[in-house]
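Each chain is listed here by its residues.
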Amino acid sequence: QHYPPLRALQASAALRRASDEHKKEPLTSSSQQHFDSPPAGHQPEQKPQGPRPSYTGQGGQESEDYESEEQLQHRILTAALEFVPEHGWTAEAIAEGAKTLGLSVAAAGMFHSDGSELILHFVSECNSRLSELLEKEQKLVQLGEAEKKPIDEFLRDAVEARLRMLIPYIEKWPQALSVLLLPRNIPSSLNLLTSMIDDIWHYAGDQSTDFNWYTRRAVLTGIYNTTELVMMQDSSPGFEDTWRFLENRVADAMTMSNTASQVQSTGEAVVQGLMGAAVTVSN
Amino acid sequence: VYQVFENVAKKYDVMNDSMTLGIHRVWKDIFVHKMNPCPGTVLLDVAGGTGDIAFRFINYVRSVRKRQLQRKLKHHQNLSWQEIFESYQKDGFNSLGDSQVVVCDINREMLKVGKQKAQHLGYSEGLSWVLGNAEELPFDDDKFDVYTIAFGIRNVTRIDLALQEAYRVLKPGGRFLCLEFSHVSNPLLSRLYDLYSFQVIPVLGEVIAGDWRSYQYLVESIRQFPPQEELKAMIEDAGFFKVDYENLNFGIVAIHSGFKL
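Note that this is a predicted model, so its numbers are computed, not measured. (Residues numbered from 1 in each chain as written. Chains lettered and ligands numbered in written order. Predicted model: local features only at pLDDT ≥ 70, side-chain atom pairs only at ≥ 80, totals over all residues. Heavy atoms only, no water.)

1. Focus: the overall build of chain B
Next up, step 1: When its secondary structure is counted, chain B shows 10 helices and 7 strands.
Next up, step 2: Relative to the compact-globule value of 18 Å for 261 residues, chain B shows a C-alpha radius of gyration of 20 Å, a close match.
Next up, step 3: Across the 261 residues that make up chain B, the buried fraction comes to 51%.
Next up, step 4: In chain B, the proportion of contacts linking residues at least 24 apart, taken out of those at least 6 apart, comes to 78%. (Helix = DSSP H or I, 4+ residues; strand = E, 2+ residues; numbered from the N terminus. Rg over C-alpha atoms; globule rule 2.2 N^0.38 Å. Buried < 20%, exposed > 50% of the residue type's maximum accessible area, 1.4 Å probe, protein only. Contact = heavy atoms within 4.5 Å.)

Put into structure tokens, the structure is as follows:
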């Protein structure tokens, strides 16, 4: 019984040959030996099984071939990011990115023409970088090499770090924000936003299991979004106005939560006083 | 097939308009829009005889290029008129941005009509006309960014050979696009469509082009043609990735797209 031969992605193989400076995922050796087999010559198949690798049969190898398509898209989008300041978040930037990888400009046709995928890719990359940063900091604290930061400072630093990643693309970022708000993109962009906020709170040490969980996330989302908007029209050197705004908002949030707990404890004290008075009166 | 098109070459465009009630223009516009070519794209239009796709491609690229140049100039504020003039000269007034179209057809008559149309409409740069067979293209490997075949692939005897040739001449990352009549799944619509195809179109053919049999052939070849999913499988067999199709008008026409990755 034989399986249809695998066709390794020609482009990936060509790229491997062409340039070694780019970091590429190495294809397995068996995919390599199929690279030279002509695409036309495949043996007749008993059942109408397309060349689309299935997850049965050769298992891991085929799933790697399948993933290469997404990995290639990933690479194209990453390469396209450096053209964004010039071309904006458009199919043109993706086309330029594809060109640097040695692919035809027509490869940009794989993505939507308004550049949504590029923006979503960028946001998810930023979120991953933020997670890594926070993880590293946490490790340092655990090893005792750094002090554990108070909550407000932690939140402030995390949001600042995340927003700083926008700085190279700040001119075209308003355009990106509007694309992210398109109905088609809202599920994905909302997803990315909430998972980022979740991440920050997780590393801040939040372990609440009650309604606090929601309020904390809502508050931080509000802080993040408003600071982002402030940053869009901030022209101060080094964005100091933005960071000051952020500081104030985080301080507000802290005060609010303190006030809330004060109100709660005051309320409890008042109730207890009333109860005592009632008992005294009844006696 | 050759003789059919020899007969219909001159009246091709007129027949297209009357058969499809002019909608074929919209289909072709949507087709080029889906391609979304940027300046610098090299297009191979196979079976593109009278040049419809080629002309639309050139128009599209020209307008994209204009916007590009405008954006570039906006960046450089406060330029003197001299500098602006020089920047235009430097780009050589490169209105096409190095984009090119090669129109390939098996039929000399169709190409002749196409060349005349181009002259008449004023398309001069970036166009070439080549005689060739889709099953055996006279081009080297890895040459083109986009390969299109609009309403031509059903006339190819060995579709798989044409697809393999398409794969060969495309650059890595290149795109295969195919616009073709396909199968209507909606039963009500398909009955109306059949009625129209078999009763009205050959009559139109006789009246306008004086040729009943060619148009009878045309309609029958549409019915013989594999449906969307089957064509998608054939394209995948030839080696293309990310193969997808989009139905226009409920399946009367479908656009298939694949990438050489």
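More follows now that the structure is in view.
2. Observations concerning the UniProt feature "domain: Ubiquinone biosynthesis protein COQ9 HTH" (unreviewed entry) in chain A
Next up, step 1: On the UniProt side, "domain: Ubiquinone biosynthesis protein COQ9 HTH" (unreviewed entry) is annotated at positions that read residues 69-99 of chain A here.
Next up, step 2: Along residues 69-99 of chain A the backbone is 81% helical and 0% strand, and the end-to-end C-alpha distance reaches 17 Å. (UniProt positions renumbered as here; feature names shortened; annotations may be inferred.)

3. So, the UniProt feature "domain: COQ9 C-terminal" (unreviewed entry) in chain A
Next up, step 1: Mapped onto this numbering, the UniProt entry gives "domain: COQ9 C-terminal" (unreviewed entry) at residues 186-256 of chain A.
Next up, step 2: Taken end to end, residues 186-256 of chain A is 80% helix and 0% strand, and its two terminal C-alpha atoms sit 30 Å from one another.

4. Quick word on helix α6 (residues 116-142) of chain A
All names here are of chain A.
Next up, step 1: The terminal C-alpha atoms of α6 lie 39 Å apart, and with 27 residues this matches the ideal 39 Å at 1.5 Å per residue to within 8%.
Next up, step 2: Within the span of α6, buried status applies to S116, L118, I119, L120, H121, F122, V123, C126, N127, L130, S131 and L134.
Next up, step 3: Of the residues one or two after α6, G144 is the one with positive phi, at around 80°. (Expected span 1.5 Å × (residues − 1).)

5. Focus on the pattern of salt bridges
Next up, step 1: One pass over the structure, following the stated rule, counts 22 salt bridges over all chains.
Next up, step 2: Of the charged contacts in the structure, one is a salt bridge between D252 of chain A and R249 of chain A, with a shortest N-O distance of 2.9 Å. Here D252 of chain A and its partner R249 of chain A are both found in helix α11 (residues 240-282), 3 residues apart, which amounts to about one turn of the helix.
Next up, step 3: Take D252 of chain A: its relative accessible area is 40%, and that puts it in the partly exposed class.
Next up, step 4: K112 of chain B is the salt-bridge partner of E109 of chain B, the closest N and O atoms lying 4.0 Å from each other. With E109 of chain B and K112 of chain B both in helix α6 (residues 108-121) and 3 residues apart, the pair spans about one turn of that helix.
Next up, step 5: K112 of chain B gets classed as partly exposed once you look at its relative accessible area, which sits at 46%.
Next up, step 6: Via salt bridges that share partners, E137, K149 and D157 of chain A belong to a single interconnected network. (Salt bridge = Lys/Arg side-chain N within 4 Å of Asp/Glu carboxyl O.)

6. Regarding the pairing of strand β1 (residues 42-46) of chain B
Residues and elements named next belong to chain B.
Next up, step 1: Burial analysis of β1 places 5 of its 5 residues in the buried class, the great majority of the element.
Next up, step 2: Alternating positions in β1 separate into two faces, V42, L44 and V46 on one and L43 and D45 on the other, with burial throughout.
Next up, step 3: In this sheet, strand β2 (residues 100-105) lies alongside β1 in parallel orientation, the contact comprising 5 bridges. Across the sheet, V42 pairs through a bridge with Q100, a residue of β2.
Next up, step 4: Both β1 and strand β4 (residues 144-150) contribute to a ladder of 4 bridges, which runs parallel. Note on β4: the bridge partner recorded for V46 is I149. (Pairing = 2+ DSSP bridges.)

7. Some points on the domain arrangement of chain A
All names here are of chain A.
Next up, step 1: Splitting chain A by domain gives domain 1 (68-113) and domain 2 (116-261).
Next up, step 2: One C-alpha centre belongs to domain 1, the other to domain 2, and the line joining them spans 27 Å.
Next up, step 3: The partner domain 2 presents 13 residues to the 15 residues of domain 1 that form the contact.
Next up, step 4: Of the roughly 1300 Å² buried between domain 1 and domain 2 on both sides combined, carbon and sulfur atoms contribute 69%.
Next up, step 5: Of all residues in domain 1, L81, W89 and H112 give up the largest surface area on contact with domain 2, accounting jointly for 54% of the area buried on that side.
Next up, step 6: Seen at the junction of domain 1 and domain 2, the total is 0 salt bridges. (Domains from an automatic or database assignment. Buried area = accessible area lost by both parts, 1.4 Å probe.)

8. A look at the side chain of R175 of chain B
Next up, step 1: Summarising the element assignment, R175 of chain B is placed in strand β5 (residues 170-181).
Next up, step 2: Of the buried charged residues, R175 of chain B lacks a salt bridge, with E246 of chain B as the closest side chain of opposite charge at 7.3 Å.
Next up, step 3: Within the structure, R175 of chain B has its side chain in polar contact with the backbone oxygen of K34 of chain B (distance 3.2 Å).
Next up, step 4: If sequence neighbours within four positions are ignored, R175 of chain B has contacts with A106 and G109 of chain A together with K34, M35, D145, V146, Y147, L170, S257, G258 and F259 of chain B. (Lys, Arg positive; Asp, Glu negative; His and termini not counted. Polar contact = N/O pair within 3.5 Å; in protein donor to acceptor, adjacent residues only side chain to side chain.)

9. Details of the interface of chain A and chain B
Next up, step 1: Across the contact, 27 residues belong to chain A and 24 residues belong to chain B.
Next up, step 2: In this assembly, chain A packs against chain B so that about 2200 Å² is buried in total across both faces, 60% of it on carbon and sulfur atoms.
Next up, step 3: Viewed at the interface, chain B and chain A are joined by 1 salt bridge.
Next up, step 4: Among the ionic pairs, E92 of chain A bridges to R71 of chain B, the shortest N-O distance being 3.2 Å.

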